[in-house]
Number of protein chains: 2
Amino acid sequence: MQSSRQPHILSLMEELGVDKYKQYTDGIKFMQIADKKIKTYSSNIPSMSLFALIDLQLFINRVERMRKVVPLDNPSKAKKALELDSMTVETFKRQHLTSNAAREAINAAVRVMFGMECCEMSVLYFLHYANSAGGLTALIEASEGAGQEFKIKGGAQPLSEKLADKIGRENVWLNEPVVQVNQEDRSKVVITTASGKTVSAKRVIMSVPPNFVVKIDFCPSLPLDKRSLLQRQPMGHLIKFIATYSNKFWRENGQSGEVVCSYGDPVLAHDSGPLCLVYDATSPNGNPALVGFLGKSREWSKRSSEERKKAVLDHLMQFFGEMAGTPIDYVEKDWGEEPYNGGCPVSVMVPGAITYFHESLRKPFDRIHWAGTETASIAVGYLSGAVQSGIRACVEVVSHLQPSLVKDTDRTKITPCGFQHQSAAESNFFKSVVINMLIGLTLAMIVYFIYN
Amino acid sequence: MQSSRQPHILSLMEELGVDKYKQYTDGIKFMQIADKKIKTYSSNIPSMSLFALIDLQLFINRVERMRKVVPLDNPSKAKKALELDSMTVETFKRQHLTSNAAREAINAAVRVMFGMECCEMSVLYFLHYANSAGGLTALIEASEGAGQEFKIKGGAQPLSEKLADKIGRENVWLNEPVVQVNQEDRSKVVITTASGKTVSAKRVIMSVPPNFVVKIDFCPSLPLDKRSLLQRQPMGHLIKFIATYSNKFWRENGQSGEVVCSYGDPVLAHDSGPLCLVYDATSPNGNPALVGFLGKSREWSKRSSEERKKAVLDHLMQFFGEMAGTPIDYVEKDWGEEPYNGGCPVSVMVPGAITYFHESLRKPFDRIHWAGTETASIAVGYLSGAVQSGIRACVEVVSHLQPSLVKDTDRTKITPCGFQHQSAAESNFFKSVVINMLIGLTLAMIVYFIYN
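Just so you know, these numbers come straight off a predicted model, no measurement behind them. (Residues numbered from 1 in each chain as written. Chains lettered and ligands numbered in written order. Predicted model: local features only at pLDDT ≥ 70, side-chain atom pairs only at ≥ 80, totals over all residues. Heavy atoms only, no water.)

Enquirer: I'd love a proper account of the overall build of chain A, names of residues and values included.
Expert: A tally of regular secondary structure across chain A gives 17 helices and 15 strands. A total of 452 residues make up chain A; the buried ones form 59% of that total. Taking all contacts inside chain A whose residues are at least 6 apart in sequence as the whole, residues at least 24 apart take part in 70%. Roughly 18,000 Å² of accessible area belongs to chain A as shown, and the carbon and sulfur atoms make up 54% of that amount. (Helix = DSSP H or I, 4+ residues; strand = E, 2+ residues; numbered from the N terminus. Buried < 20%, exposed > 50% of the residue type's maximum accessible area, 1.4 Å probe, protein only. Contact = heavy atoms within 4.5 Å. Areas by Shrake-Rupley, 256 points an atom, 1.4 Å probe, with all protein chains shown as cover.)

Dropping the structure here:
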């Protein structure tokens, strides 16, 4: 979360008085790709053959060149957009990478970034995602200025807590999943929750992952374009674990705690160990821990937790020795089983989705505005993107209700398709609506902070 | 609907005493592709330059060779499955077609077959679809033995009516959309409809398009693999029209009524005329009519019906002269706006879906069995596929409840993943369950017959 790359979350954290700390990356790193051999390195340059390194670097350079010219607000306007949106990252990778090791390194990166395989997303989506993060290198590294540089002290939950305090706990409804959004009465939106509670508002900001928007009953139904886009934004899937130990044995052995793995058959996960990425997760007050993600987690999701735990610890021991096998605590989270999340870390867009439906990503549906990290243009998929999208949706709503309050600098935050001119009658209701809107935004953020 | 290609619907029609008649194809056909020039031909060989014809034929030959080796029951077992499932049809088309005219001909074919563009689906899905239809040629032609050879007398509705009569109208609940499917009590399934009615059954056959399965509340929730597949099966979109005339002026002019169009910018439909495909739709008792589909129908869906009608008639006049501009009746159907359909003619699979999730396509979820043309292995996407899938799901259910009733020849209709061994306790309930199951199957068919 470096300021230039993830500015929105950093500024919110500052506002709320939530601290950050640096990701620990000093020492030896492990890599186990392609041929299953464990290799070590301590710089940012992975341990591969010279040929594979050159192959990988040329590929990264190509991606960096290409991603820079993908417009953040509208990737469908990129040069050769149709061609890039017609191709999966797998096809692109096969075209431009020769060595097996470099291909596996990209597989591992994509798996951790999206919780998916390279064949499941459009190249144009991938390039836009990389551009919105400030570059591919920023996405995959934990070094200075990269996406994984900082961690939030106490985890992301305090952010939600402080936001909830700020707007008043009584204004936040938890455990009230929305089942219907009705705007048949053209002057308001009526929201119904599963328990039958209703709330009515002038405008609504929806910040719900695409795979759950489709479950909500909209009256009238969403426009065809929006429905079509939602059918083309599959959610990724990762299983995360945190193993807590009595001491930082890896640091004592000069190891950073970082492991990257990718090998074996891409379909049958049981041919390979479960680990994809591991990092040091020692807390700021010194509790030693390792955090990691299971690669090919859809396959691992079918096993029992015990089986997964055993496989993870066995795999960790290959790198860190016997001590890694006896954590004092071990927790895991299969995001696919979360009832209001269904996956992690983000939904992607399949080929053709940007070309034919991107316009509907942020376009308000009458009084419904769209937020959520999937709708961001900076740091898509990150907490920062969620905050940016919330601010953008907020400016949209205020522009309708009290345009005089919107400064010129705010206006630049609205993408062209996100803004529609207000109807004069609405201005009077400004005060109550801003409150409703803030509740919506906060709820949105809480959902994101809890689940991302 | 030739017997070898669409055997299941033909045999059902025979059983129910529903007649068929031949698609009229005699005479001059029109083609307007690539350069917008209108060309005529009267054989099955489209009017293109020799180079484009050779280019197109080589492509078709390639597809026919490749599709033949895609296993109908499990396309993920095809040779080079991962490579083919990683690529979109657009990438494949660009790799193997050089001429603009041949590319546009494939665009038109894909648009009418799937209601989508080439970049929106996996090559492996496309090859499996073609194989299940008996070949690409069978899919795109209306000649003898091809998919469009026959039409149903009186339309598809009589089939649903006769099926409903057969099982008793009182057993068919119409206007009762399912909102919940609960199998928390492990001995039965409880279905709740939107009006609050419930029905309980030993086993359930679901025959609902993927874009509507996701709206149903399953308790417990569907397995991750099934949910993941459903997120990767977007629905196509077409707008259909039927223009009825006082006389068959096209036949009188030696024209067959057939038009194929594809030109202009693939994203911006308003650069081109609306028509994609037109056929003679004169009824068996002689009412003259033309039926057609609008290409790039998502764009046309945003216009008013009047605007669409005017554009369609203007475009028809380019081929058939002024008389085409004054039909005595004109009806259109935008399938995207149908509340329990949301598109047409079929949902496809995006890249990676077959590789990672095909196993869950027909795999029963405890007591829930999956039917619907998307789950067929012969004539996927057609009425015949819907019937085949219904028979397969039926055999699955009977295999659980009264295995002795299932003949060896029936067993071959069950795909390996569709069959699980029965628990002994269930056999006693056989009679009532078969009735429930028949209701389910019939409802499924009715839904399909109405909406396809």
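Next comes the rest of the account.
Enquirer: Describe in detail the domain arrangement of chain A, supporting the description with residues and values.
Expert: Residues and elements named next belong to chain A. When the domains of chain A are assigned, the result is domain 1 (46-141 + 422-452) and domain 2 (173-234 + 345-412). Residue-level contacts link 44 residues of domain 1 with 49 residues of domain 2. For the pairing of domain 1 and domain 2, the buried interface totals around 3,700 Å² over both sides, and the portion due to carbon and sulfur atoms is 66%. Run the count over domain 1 and domain 2 and you get zero salt bridges. For the pair domain 1 and domain 2, the number of links is 10 residue pairs in polar contact (both at pLDDT 80 or more). (Domains from an automatic or database assignment. Buried area = accessible area lost by both parts, 1.4 Å probe. Salt bridge = Lys/Arg side-chain N within 4 Å of Asp/Glu carboxyl O. Polar contact = N/O pair within 3.5 Å; in protein donor to acceptor, adjacent residues only side chain to side chain.)

Enquirer: Please give an account of the packing of aromatic side chains that cites residues and values.
Expert: Residues and elements named next belong to chain A. Under the counting rule described, the total for this entry stands at 30 aromatic pairs over all chains. Taken together, a centroid distance of 5.6 Å and an interplanar angle of 55 degrees make the contact between F59 and F92 tilted. Of this pair, F59 sits in helix α2 (residues 50-68) while F92 sits in helix α4 (residues 89-96), and the two are 33 residues apart along the sequence. This pair shows no difference in class: F59 is buried, exactly as F92 is. (Phe/Tyr/Trp six-rings, centres within 6.5 Å; stacked < 30°, edge-to-face > 60°.)

Enquirer: Talk me through the interface of chain A and chain B; I want residue IDs and the actual numbers.
Expert: Counting residues at the interface gives 38 residues for chain A, matched by 38 residues for chain B. Taken as a group, L224, Q231 and Y356 of chain A account for 19% of the area that chain A buries against chain B, more than any other trio of residues on that side. Summed over the shared surface of chain A and chain B, the number is eight salt bridges. Where chain A meets chain B, there are 14 residue pairs in polar contact (both at pLDDT 80 or more).

Enquirer: Go over the relation of the copies chain A and chain B, please, and point to the residues and values.
Expert: Superposition of chain A onto chain B requires a rotation of 180 degrees combined with a translation of 0.0 Å along the rotation axis, giving an RMSD of 0.0 Å. Accordingly, the operation relating the two chain copies is best matched by a two-fold axis. Among all C-alpha atoms of chain A, that of K215 of chain A lies closest to the rotation axis, at 2.3 Å. (Least-squares fit on C-alpha atoms with pLDDT ≥ 70 in both.)

Enquirer: Which residues make up helix α8 (residues 157-167) of chain A, and what values do they have?
Expert: All names here are of chain A. Taken together, the buried positions of α8 are L159, S160, L163 and A164. Angular distribution of buried residues about the axis of α8 spans 130 degrees; they occupy a single face of the element. Two residues or fewer after α8 comes G168, characterised by a positive phi angle close to 95 degrees. (Arc of directions from axis to C-beta.)

Enquirer: Summarise unusual backbone geometry; cite the residues concerned and give the values.
Expert: With an omega dihedral of -5 degrees, the bond running from C219 of chain B to P220 of chain B counts as a cis peptide bond. For the peptide bond that leads from C344 of chain B to P345 of chain B, omega is 0 degrees, which places it in the cis range. Relative to the assigned elements, P345 of chain B resides in the loop between β14 (329-334) and α14 (353-357). Not every positive phi belongs to a glycine, and N175 of chain A is a case in point at roughly 55 degrees.

Enquirer: Let's hear about the sheet that holds β14 of chain B: which residues, and what values?
Expert: Residues and elements named next belong to chain B. Within the open sheet, the seven strands sit side by side as β3-β2-β11-β12-β13-β10-β14. Their pairing is mixed. A strand with exactly one partner marks an edge of an open sheet, and here the two such strands are β3 (38-41) and β14. Between one strand axis and the next, the sheet turns through 15 degrees on average, direction left out of account. In the packing of helix α5 (residues 100-114) onto the sheet, contacts are made with β2 (28-34), β11 (255-263), β12 (275-280) and β13 (289-294), and the angle to β11 comes to roughly 110 degrees. On the sheet, helix α13 (residues 305-320) packs against β2, β3, β10 (239-244), β11, β12, β13 and β14 and is oriented at approximately 115 degrees with respect to β11. (Pairing = 2+ DSSP bridges. Axes fitted to C-alpha atoms, helices over the stretch in contact; angles between N-to-C directions.)

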